[in-house]
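Read off the chains here:
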Number of protein chains: 2
Amino acid sequence: MTTPATDWLRLDQQICFSLNAASRAFGGVYRVILKDLGLTYPQYLVMLVLWEHGELPVKKLGAHLRLDSGTLSPLLKRLEAAGLVTRERSARDERSVEVRLTGRGAALRGRAVEVPRRIAAATGFDLAEVEDLRTRLDRLTAALDAYDPEAASAPS
Amino acid sequence: MTTPATDWLRLDQQICFSLNAASRAFGGVYRVILKDLGLTYPQYLVMLVLWEHGELPVKKLGAHLRLDSGTLSPLLKRLEAAGLVTRERSARDERSVEVRLTGRGAALRGRAVEVPRRIAAATGFDLAEVEDLRTRLDRLTAALDAYDPEAASAPS
DNA sequence: CGCAATTCAATTGCGCACAACTGAATGGCC
DNA sequence: GGCCATTCAGTTGTGCGCAATTGAATTGCG
């Protein structure tokens, strides 16, 4: 006999809840550390991608971050209002909007460089541990993304 | 020489971003699975606590879930509107609000019992792996909760 | 070419998360 | 007993995340 179904209702809280709690705890630390940069964590992620790629359309930005225009459009407007990025319709494809760093946006990178070290310190994890955890999480994400309700309930 | 600071801005994206992505991927699967229960994932978490404890004040509910009244108050109102819980001022302490399951709320547990199994199937992880991951995440959360900006920047 | 299907950003609507604040109730301390 | 700090829940305001829709631009196909 395995664990009664009743207890699963407690167990189940574990994975996803732990994940969720860790994600929110991270948010709290990032909030403190990013405050003097004037960025929220999602905005910081967008800036990371832009620092790496220079410029790219909203669509590609979303592909890197797993976010759609519903989230990115208002976020990018705020970054634009803060003077960190510009947005303009692509000349080659009028459907697309090209996001570019401004001088201020590019310059902000200099102040962001020390963020990762401070975050790493806050976790108390060493590099190997981080890498291992990251690998497991990415595998988990891939499995969840592949989830198909039909296949799960009716494995024909 | 270790990794140049410049690369840390990529590496850094890893942990927290992977965590965040996994959390959102979970959200997507839960959204599908919880749809016929008429619950969102945070609402499901609240119901889990209530199914386990029967009734408890908003404050304790928040302690279990790491949520404050700013999040719980409107959420509980929605659960109340859905007829799953009642909320009433405690007689012993008029500041406190007691949250209780209704008959419908208690009955919903029967239909929720199979949720954990379906979620577990979607992850593709076995029990040991889940337990290991959960442990690491809880340790991470504890470390992040203990984060003190002063101590981090000026280890006197 | 002409028309339908697709692709893209933006918008709307809803719910969550959290900081900051309000106001009522309670408890401690003199 | 009277006062002040604390403890509660609730509200407000901001931002994220996502589904659904809109509307414009592009692509594909006959």
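Going by the structure above, here's the rest.
Every value quoted in this text rests on a predicted model; they were computed, and no experiment measured them.

A.B. asks: How should I be thinking about the interface of chain B and chain A in this particular structure?
C.D. replies: A common measure of how large an interface is: the accessible area buried when the components associate. Chain B puts 54 residues into the contact, and the matching count from chain A is 54 residues. Of all the secondary-structure elements, those providing two or more residues to the side of chain B that touches chain A are α1 (5–34), α2 (41–53), α6 (115–123), α7 (127–145) and α8 (149–153) of chain B. If you tally residues by element for the side of chain B that touches chain A, the top one is α1(B), at 23 residues.

A.B. asks: What is the right way to read the protein's contact with DNA strand D from this model?
C.D. replies: Near DNA strand D, the surroundings consist of 26 residues, among which Gly70(A), Glu94(A), Val58(B), Lys59(B) and Gly70(B) are the closest. Taken together, the elements giving at least two residues each to the surface near DNA strand D come down to α2 (41–53) and α4 (69–81) of chain A together with α1, α3 (58–65) and α4 (69–81) of chain B. Among the elements that make up the surface near DNA strand D, the one with the highest residue count is α4(A) (five residues).

A.B. asks: Just to check I follow, could you spell out helix α7 (residues 127–145) of chain A for this structure?
C.D. replies: Owing to its 3.6 residues per turn, the α-helix brings residues three or four apart onto one side. Residue and element names in this part refer to chain A. Given a rise of 1.5 Å per residue, 19 residues ought to cover 27 Å, and the 27 Å separating the end C-alpha atoms of α7 matches this to within 8%. For α7, the complete set of buried residues consists of Leu133, Leu137, Leu140, Thr141 and Leu144. The buried residues of α7 all sit within an arc of 100° when viewed along its axis, so they share a single face. Summarising the geometry of α7, the exposed residues directed more than 90 degrees from the buried face are Leu127, Ala128 and Thr135.

A.B. asks: Can you walk me through the sheet that holds strand β3 (residues 97–101) of chain A in this structure?
C.D. replies: Remark on secondary structure: sheet strands pair via backbone hydrogen bonds, oriented parallel or antiparallel. Residue and element names in this part refer to chain A. With antiparallel pairing, three strands are arranged side by side in an open sheet as β1-β3-β2. With one partner strand each, in any of the chains shown, β1 (55–57) and β2 (85–89) form the two edges of the open sheet. Each neighbouring strand pair of the sheet contributes to a mean axis angle of 20°, computed without reference to strand direction. In this structure, β1 lies alongside β3, joined through three bridges in antiparallel fashion. Bridged to Glu55 within β3 is Arg100.

A.B. asks: Would you mind going over the environment of Arg92(B) with me for this structure?
C.D. replies: Looking at where Arg92(B) falls in the secondary structure, it is placed in the loop between β2 (85–89) and β3 (97–101). Counting along the chain gives twelve residues from Arg92(B) to Glu80(B), while the straight-line C-alpha distance between them is 22 Å.

A.B. asks: Looking at this structure, how should I read the sheet that holds β3(B)?
C.D. replies: Residues and elements named next belong to chain B. Ordered by their spatial adjacency, three strands build an open sheet running β1-β3-β2, and the pairing between neighbours is antiparallel. One side of each edge strand has no neighbouring strand; the edge strands of this open sheet are β1 (55–57) and β2. In this sheet, neighbouring strand axes are inclined to one another by 25° on average, regardless of whether the strands run parallel or antiparallel.

A.B. asks: Quick question: what am I supposed to make of the protein's contact with DNA strand C here?
C.D. replies: Around DNA strand C there are 26 residues in total, and Val58(A), Lys59(A), Gly70(A), Gly70(B) and Glu94(B) lie nearest to it. When residues of the surface near DNA strand C are traced back to their parent elements, those giving at least two are α1 (5–34), α3 (58–65) and α4 of chain A together with α2 and α4 of chain B. The greatest single-element share of the surface near DNA strand C, amounting to five residues, is contributed by α4(B). Looking at the surface near DNA strand C residue by residue, the class counts come to eight nonpolar, ten polar and eight charged.

A.B. asks: Quick question: what am I supposed to make of α2(A) here?
C.D. replies: Residue and element names in this part refer to chain A. Helix length check: α2 (13 residues) gives 19 Å between terminal C-alpha atoms against 18 Å at 1.5 Å per residue, within 8%. Those residues of α2 that sit buried are Leu45, Val46, Met47, Leu48 and Leu50. One or two steps after α2, the chain reaches Gly54, where phi turns positive at roughly 80°.

Thresholds applied
Residues numbered from 1 in each chain as written. Chains lettered and ligands numbered in written order. Predicted model: local features only at pLDDT ≥ 70, side-chain atom pairs only at ≥ 80, totals over all residues. Contact = placed C-beta atoms within 7 Å. Helix = DSSP H or I, 4+ residues; strand = E, 2+ residues; numbered from the N terminus. Near = placed C-beta within 6 Å. Expected span 1.5 Å × (residues − 1). Buried ≥ 20, exposed ≤ 12 C-beta atoms within 10 Å, placed from the backbone. Arc of directions from axis to C-beta. Pairing = 2+ DSSP bridges. Axes fitted to C-alpha atoms, helices over the stretch in contact; angles between N-to-C directions. Nonpolar A, V, L, I, M, F, W, Y, C, P; charged D, E, K, R; others polar.

What is shown is where atoms sit, not what they do.
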